[in-house]
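Notes for the structure review
The chain contents come next:
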Amino acid sequence: MASSSLHSWSCRFLLMGLMAFTLIAKSILAVAPAGFKPSRWALAHATFYGDETASATMGGACGYGNLLVNGYGTDTVALSSTLFNNGYSCGSCYQIKCVEASACYRGSPYTTVTATNLCPPNWAQDSNAGGWCNPPRVHFDMSKPAFMKIAQWKAGIVPVMYRRVPCVRRGGLQFSFQGNGYWLLVYVMNVGGGGDIASMWVKGSKTGWISMSHNWGASYQAFATLKGQALSFKLVSYSTKQVLVANNVAPSNWNVGMTYKANVNFH
């Protein structure tokens, strides 16, 4: 009788333990930040701009400046306005492969590119004859070095399959400062995960969190007196809604024209 009672209590204790473990596991999963997941493959078209040096891709609507210096290299792309999303797609990463064309390389190898520019509409030309980036077309205007990884460049335009993929970056977020002591304009670079930013805040060592407005491309601005204060930033990923806080990114003697690096990044 005692043995049966002991066995019953052991089973109840084990069951209660399993239930508690399940609740804890669910709680952890609920609060754990979601990393960016690849999207499904979809059909589009791709062209290229510039030459083999990719010098024409430097700068661009996202405001990343010298792409070689800032870590983006020559594997970059300009997005049609349908994809560009008023600059909120800056920094996003795509795998692209040529399909169903004689210019495609055998095996349809893909290359991975980062969105750094806008391919604007050309209303003077038909969407199927030169106006490749006219809405609502989904189009990729690639750097020539990137295009040459998937197809023969003489083709000019090829059908492609594409998908969003996580951006793999080395190191933390980078913040390039412009403006002055009363107006801070920040370009956010080297963003991992979804690569994109939805919203942003800045906090000085003497202030609370100040909301920054989206300027254009990958830049955010705050009209506030922040000179002489160490600066921290809070960011929200556009794709995953993950929140990230980068504390004490810039020292109190920060200056415009400088780029400051954080030790955190999205995944």
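No experiment lies behind these values; they were computed from the predicted model shown.

Examining the nonpolar core
One recurring pattern in soluble globular proteins: nonpolar side chains tend to sit buried together. Membership of the largest hydrophobic core comes to 29 residues, with the highest contact counts inside it found for Tyr 64, Leu 79, Tyr 94, Ile 96, Phe 140 and Met 142. Listing elements by their share of this core, those giving two or more residues are strand S1 (42-49), strand S2 (76-80), helix H2 (81-84), strand S3 (93-98), strand S4 (110-119), strand S5 (139-143), helix H3 (144-147) and strand S6 (158-165). Once residues lying within four places of it in the same chain are set aside, the contact partners of Ile 96 are Pro 109, Tyr 110, Thr 111, Val 113, Phe 140, Met 142, Ile 150, Val 160, Met 161 and Tyr 162. Judged by nonpolar contacts, the second largest core, of 26 residues, contains Phe 177, Leu 184, Leu 226 and Leu 235.

Some points on the environment of Phe 36
One can find Phe 36 in the loop between helix H1 (2-31) and S1. The residues touching Phe 36, leaving out its near neighbours within four places in the chain, are Arg 164, Val 165, Pro 166, Gly 193, Gly 194, Ser 239, Thr 240 and His 267.

Describing the pairing of S2
S2 sits mainly inside the fold: five of its five residues count as buried. The sheet contact formed by S2 and S4 spans five bridges and is parallel. By the bridge assignment, Thr 76 is partnered in S4 with Thr 114. Of the strand pairs in this sheet, S2 and S5 are connected by three bridges, and their pairing is antiparallel. What sits directly across from Leu 79, in S5, is Phe 140.

Things to note about the side chain of Ser 80
Mapped onto the elements of the fold, Ser 80 is located in strand S2. Classification of Ser 80 by relative accessible area gives buried; the value is 0%. Sequence-distant contacts of Ser 80, defined by excluding residues within four places in its chain, comprise Leu 118, Cys 119, Cys 133, Arg 137, Val 138 and His 139.

Remarks on the state of the cysteines
The full count for this structure, using the stated rule, is four disulfides. The disulfide partner of Cys 93 is Cys 167, and the gap between their sulfur atoms is 2.1 Å. Across the disulfide from Cys 93 to Cys 167, rotation about the S-S bond amounts to roughly 120 degrees, and the bridge is consequently right-handed. Of this pair, Cys 93 sits in strand S3 while Cys 167 sits in the loop between S6 and strand S7 (174-179), and the two are 74 residues apart along the sequence. You can call Cys 93 buried: its relative accessible area is 3%. The disulfide partner of Cys 119 is Cys 133, and the gap between their sulfur atoms is 2.0 Å. As the torsion about the S-S bond is roughly 95 degrees, the Cys 119-Cys 133 disulfide counts as right-handed. Residue Cys 119 is located in strand S4, and its partner Cys 133 is located in the loop between S4 and S5; the two are separated by 14 residues in the primary sequence.

Considerations on the pattern of salt bridges
This structure, assessed with the given rule, holds three salt bridges. For Lys 144, the salt bridge is made with Glu 52, and the minimal N-O distance between the two is 3.2 Å. You can see Lys 144 sitting in helix H3 and its partner Glu 52 sitting in the loop between S1 and S2, a full 92 residues away along the chain. Taking the shortest distance from any N to any O, the salt bridge between Arg 164 and Asp 196 comes out at 3.4 Å. Taken together, the residues span a long stretch of sequence, with Arg 164 in strand S6 and Asp 196 in the loop between strand S8 (184-189) and strand S9 (197-204) at a distance of 32 residues.

Some details on the sheet that holds S5
Adjacent strands of a sheet pair through backbone hydrogen bonds, lying either parallel or antiparallel. With mixed pairing, the six strands of this closed barrel are ordered in space as S1-S5-S2-S4-S3-S6. The mean inter-strand angle of the sheet, taken between neighbouring strand axes irrespective of direction, is 45 degrees. In this structure, S3 lies alongside S4, joined through five bridges in antiparallel fashion. Bridge pairing in S4 links Tyr 94 to Val 113.

Conventions we followed
- Residues numbered from 1 in each chain as written.
- Predicted model: local features only at pLDDT ≥ 70, side-chain atom pairs only at ≥ 80, totals over all residues.
- Heavy atoms only, no water.
- Core = buried A, V, L, I, M, F, W, Y, C linked by side-chain atoms within 4.5 Å.
- Buried < 20%, exposed > 50% of the residue type's maximum accessible area, 1.4 Å probe, protein only.
- Helix = DSSP H or I, 4+ residues; strand = E, 2+ residues; numbered from the N terminus.
- Contact = heavy atoms within 4.5 Å.
- Pairing = 2+ DSSP bridges.
- Disulfide = S-S within 2.5 Å.
- Salt bridge = Lys/Arg side-chain N within 4 Å of Asp/Glu carboxyl O.
- Axes fitted to C-alpha atoms, helices over the stretch in contact; angles between N-to-C directions.

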